[in-house]
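Observations on the three-dimensional arrangement
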Amino acid sequence: MKKATFLTTFIALTLSTSTLAMPNKPDPLANTPYFNQTDKGFDLKFTPKNYRTLEVKVGDSLVKFRAFEKIVYVANPIEPDYQTLNIYVPEAYFKGEKVNGYSAETAPIFLPNAIGGYMPAKAATYDAKGFGSGDKPNAIVTALSKGYVVASVGARGRTLEKDGKYTGKAPAAIIDLKAAVRYLHANDNVMPGDAKKIISNGTSAGGALSALLGASGDSNDYTDYLKQAGAAEASDAIFAVSAYCPITNLENADSAYEWEFNGVNEYSRMDMSRLNANSYNDRSQVEKAKIEGTLSTDEIKVSDQLKAAFPAYLNSLNLKDEKSHALTLDAQGNGSFKDYMRSVIASAANKAHKKGASFEGKPWVRVSKDGVSDIDWDGYVHSEKRMKSPPAFDALNLSSGENNLFGTETVNNKHFTAYSLQHSTKKGEMADKQIVKLMNAMNYLDQSKTQHWRIRAGTSDRDTSHAISAILAVKLRMNGKQVDYQTPWGVPHSGDYDLDELFQWIDSISK
């Protein structure tokens, strides 16, 4: 019977410790040996050993679980500290008990990544604080309390360097996430949880990678990279995607940004040079890295040009709403797609209104006795500063995190759009078109095996255009996927702020 060997072996093991979770522990696994390292390298067959037994309070309940940490998920790791999984399993499953209706055989596998800004990210531990989480329990322990097996995944990122070569440029991060999924599928019969129900979760760039993971499952485009990494010979398809404010569709993100925020000339943005892998998810450090200013005349010209380019791309997608009405834009950027976006934001306002939200000082929200009937789009767009200067992602001086993402082993930054290459102030090179393709979920939606999608982008998010997540959601629906897409009112660029709703959604598709 599936998992029988797993249960017998785990009960026989005695190597464990018991402790109570302590918040904000500094890198508790820094001196922990790799879980699966042998004299011959890294063994991709999961064998239960060297685990910790832990307890953490979630609400009024005490959750007991076992931790199997620093599992290297590829045979040929370049950066083994990042190419790891931390697997957490409810203790009840080792006693043959159920949690929330799930057993060791049926529990969904929650796969959160901690990637931000396409930076390198180690697999988060059970006591890590997530981006924007405040003092609330993180997604890992909340998932455990719901009966899920958690496979927290790390991945290489754009700033890693080793022996004079950059080791985390695109497509390294998505290759690593796929390899981790393959590890889970390859060991499904001996590990807790159901690998046919893997649900990825990520925020910002992590949200984009979560979406890409779901879109590109089992695509042959990634095969050679996975073989080179020594990934397990198994599927890399997943069951469901949770993506918070996904920074995706990068080659069209600049024009989408200016379509939405053109005319908003004051900005409050991050200086990416002040952030590193450790500070990106630290809100206090993010606040310190902010720069305030006003667009220059040249930047306004760039904004106008990029805005003018967006309708052609949008119209090329042949999008339709749920009633099969075409979603299009005219040359000025107006049309049914803009009306659709206005309705999305108005719906978010109406939902907030029902919960008692005040719209004082927001005359652009039109409220009647029946609720929010509409919004004034221009009023909404101008209600907050933009975050980024144009181009928002493919910077003309090669200074953006995304320029850094598309570098190579020897070239640190490259352009990835024709516009920025043409107008480059640094005479930058163009990234390989195939690698750019590998990083965009939109290129793989027609073949995606993932049926269930949950996409969130808050109305106060100014990091990317709301059009980007909307296009993703609409295209998925057109392809017959089940999509839960919302723009929560007043929520900035952040994630994991509605864990109860997230896990209710996972239960609804998993049970």
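Residues numbered from 1 in each chain as written. Predicted model: local features only at pLDDT ≥ 70, side-chain atom pairs only at ≥ 80, totals over all residues. Heavy atoms only, no water.

**As for the overall build of the chain**
Test applied: Every helix listed is a DSSP run of H or I at least four residues long, and every strand listed is a run of E at least two residues long, numbered separately from the N terminus. Note on classification: 1.4 Å probe, protein chains only; a residue is buried when its accessible area is under 20% of the maximum for its type, exposed when over 50%, partly exposed between these limits. Any pair of residues with heavy atoms lying within 4.5 Å of one another is described as a contacting pair. Accessible surface area values rest on a Shrake-Rupley calculation with a 1.4 Å probe, where residue burial reflects the displayed protein chains alone. Charged residues are defined here as Lys and Arg on the positive side and Asp and Glu on the negative side; His and the ends of the chain fall outside this count. By convention, the charge on Lys lies at NZ, on Arg at CZ, on Asp at CG and on Glu at CD.
Helix and strand counts for the chain stand at 15 helices and 18 strands. Based on the C-alpha atoms only, the size of the chain along its principal axes is roughly 70 × 60 × 45 Å. Across the 511 residues that make up the chain, the buried fraction comes to 58%. Pairs at least 24 residues apart make up 74% of the contacts formed inside the chain by residues separated by at least 6 positions. A total accessible area of about 21,100 Å² is found for the chain, and carbon and sulfur atoms account for 47% of it. In the chain, the 60 positive side-chain charges and the 59 negative ones have mean positions that sit 3 Å from each other.

**What to know about the packing of helix α6 (residues 250-261) against helix α8 (residues 297-316)**
Short version of the rule: Lines fitted to C-alpha atoms define the axes, with helix axes restricted to the stretch in contact, and inter-axis angles between N-to-C directions lie between 0 and 180 degrees. Roughly parallel covers angles under 35 degrees, roughly antiparallel covers those over 145, roughly perpendicular covers 65 to 115, and oblique covers all other angles. Three categories are distinguished: nonpolar for Ala, Val, Leu, Ile, Met, Phe, Trp, Tyr, Cys and Pro, charged for Asp, Glu, Lys and Arg, and polar for the others, with Gly belonging to the last.
At their nearest, the axes of α6 and α8 sit 7 Å apart, and the two run at 110° to each other. Regarding the angle of α6 to α8, the classification is roughly perpendicular. Contacts between α6 and α8 involve Asn252, Asp254, Ser255, Ala256, Glu258 and Trp259 from the first element and Ser303, Leu306, Lys307, Ala309, Phe310 and Tyr313 from the second. Residue composition of the contact of α6 with α8, grouped by class: six nonpolar, three polar and three charged.

**Regarding the nonpolar core**
This is how the line gets drawn: We define a nonpolar core as any set of buried Ala, Val, Leu, Ile, Met, Phe, Trp, Tyr and Cys residues linked to one another through side-chain atoms lying within 4.5 Å.
Membership of the largest hydrophobic core comes to 142 residues, with the highest contact counts inside it found for Leu85, Ile87, Leu184, Phe310, Phe337 and Phe406. Ranked by residues supplied to this core, first place goes to helix α3 (residues 172-186) with nine residues. Aside from chain neighbours lying at most four places away, what touches Phe406 is Ala170, Leu250, Lys414, Phe416, Ala431, Ile435, Val436 and Met439.

**What about the pairing of strand β11 (residues 194-203)?**
The cut-off we apply is this: DSSP calls a pair of strands paired once it identifies at least 2 bridges connecting them.
In terms of burial, β11 is a largely internal element, nine of the 10 residues being buried. Inspection of the sheet shows strand β7 (residues 108-112) paired to β11 by five bridges, in the parallel sense. Counterpart to Leu111 in the pairing with β11 is Ser200. Bridge analysis of β11 against strand β12 (residues 240-244) gives five bridges, and the strand direction is parallel. In the sheet register, Thr203 faces β12, and the bridge partner there is Tyr244.

**Description of the packing of aromatic side chains**
The line we're drawing: Only Phe, Tyr and Trp rings take part, Trp by its six-membered ring, and two of them pair if their centres are within 6.5 Å. Stacked means planes under 30 degrees apart, edge-to-face means over 60, and tilted covers everything else.
Taken as a whole and assessed by the stated rule, the structure comprises 25 aromatic pairs. On the numbers, 5.8 Å between centres and 75° between planes, the contact of Phe46 with Phe68 is edge-to-face. Here Phe68 lies in strand β5 (residues 61-72) and Phe46 lies in the loop between β3 (41-42) and β4 (52-58), a separation of 22 residues in the sequence. No difference in accessibility class separates Phe46 from Phe68, as the two residues are buried. Ring geometry for Phe110 versus Phe503: centroids 5.3 Å apart, planes at 75°, classification edge-to-face.

**Details of the environment of Lys307**
By the secondary structure assignment, Lys307 is in helix α8. Exposure remark for Lys307: the relative accessible area of 26% places this residue in the partly exposed category. For the pair formed by Lys307 and Asn262, sequence separation is 45 residues and the distance between their alpha carbons is 6.9 Å.

**Examining helix α4 (residues 205-215)**
Counting buried positions along α4 gives 11 out of 11 residues, so the element sits mostly inside the fold. All buried positions along α4 are accounted for by Ala205, Gly206, Gly207, Ala208, Leu209, Ser210, Ala211, Leu212, Leu213, Gly214 and Ala215.

**A closer look at helix α14 (residues 466-478)**
This is how it is decided: A helix is expected to span 1.5 Å for every residue after the first. Polar contacts, as counted here, are pairs of nitrogen or oxygen atoms within 3.5 Å of one another; within protein the pair requires one atom able to donate a hydrogen and one able to accept it, and residues that are adjacent in sequence qualify only if both atoms are side-chain atoms.
With 13 residues, α14 ought to run about 18 Å at 1.5 Å a step, and its terminal C-alpha atoms sit 18 Å apart, in line with that. Summarising burial for α14: 11 of the 13 residues are buried, a large majority. Those residues of α14 that fall on the buried side of the exposure criterion are His466, Ala467, Ile468, Ser469, Ala470, Ile471, Leu472, Ala473, Val474, Lys475 and Leu476. Capping of α14 at its N-terminal end is provided by Ser465; its side-chain oxygen lies 3.0 Å from the backbone amide nitrogen of Ala467. The positive-phi residue at the C-terminal boundary of α14 is Gly480, with phi of around 85°.

**Side note on the packing of α3 against α4**
Inclusion rule: Whether a crossing is left-handed or right-handed is set by the direction in which the near helix is turned from the far one by less than a right angle, anticlockwise for left-handed and clockwise for right-handed.
Remark: α3 packs on α4, axes separated minimally by 10 Å, with the N-to-C direction vectors making an angle of 55°. In this view, α3 runs oblique relative to α4, as classed from their interaxial angle. Crossing geometry of α3 relative to α4 is assigned as right-handed. Residues Ala173, Ile174, Leu177, Lys178 and Val181 of α3 lie in contact with α4, whose contacting residues are Leu209, Leu212 and Leu213. When grouped by side-chain class, the residues that make up the contact of α3 with α4 number seven nonpolar, no polar and one charged.

**Focus on the environment of Val264**
Here Val264 is to be found in the loop between α6 and β13 (266-270). Judged by its relative accessible area of 6%, Val264 is buried. Remark: the alpha-carbon pair of Val264 and His325, spanning 61 residues in sequence, is separated by 30 Å. Ignoring any residue separated from it by four or fewer positions in sequence, one finds Val264 in contact with Leu295, Val381, His382, Glu384, Lys385 and Arg386.

**A short note on the pattern of salt bridges**
Which entries qualify depends on this criterion: Salt bridges, as used here, are contacts in which a Lys or Arg side-chain nitrogen is within 4 Å of a carboxyl oxygen on Asp or Glu.
Tallied over the full model, the rule gives 20 salt bridges. Arg342 serves as the salt-bridge partner of Asp374, at 3.0 Å between the closest nitrogen and oxygen. Of the two residues, Asp374 is situated in strand β16 (residues 371-375) and Arg342 in helix α9 (residues 336-354); the sequence distance between them amounts to 32 residues. The residue Lys414 makes a salt bridge to Glu429 at a minimum N-O spacing of 3.5 Å. Residue Lys414 is located in the loop between α11 (401-405) and α12 (418-422), and its partner Glu429 is located in the loop between α12 and α13 (433-438); the two are separated by 15 residues in the primary sequence.

**Remarks on the confidence of the model for the chain**
Note the cut-off: Each residue carries a pLDDT value, the predictor's own confidence for that position, ranging from 0 to 100.
Averaged over the chain, the pLDDT score is 92; the fraction of residues at 70 or greater is 90%. Overall, residues 4-25 carries pLDDT values under 50, and its contacts beyond four positions in sequence, including any with other chains, amount to 46 contacts.

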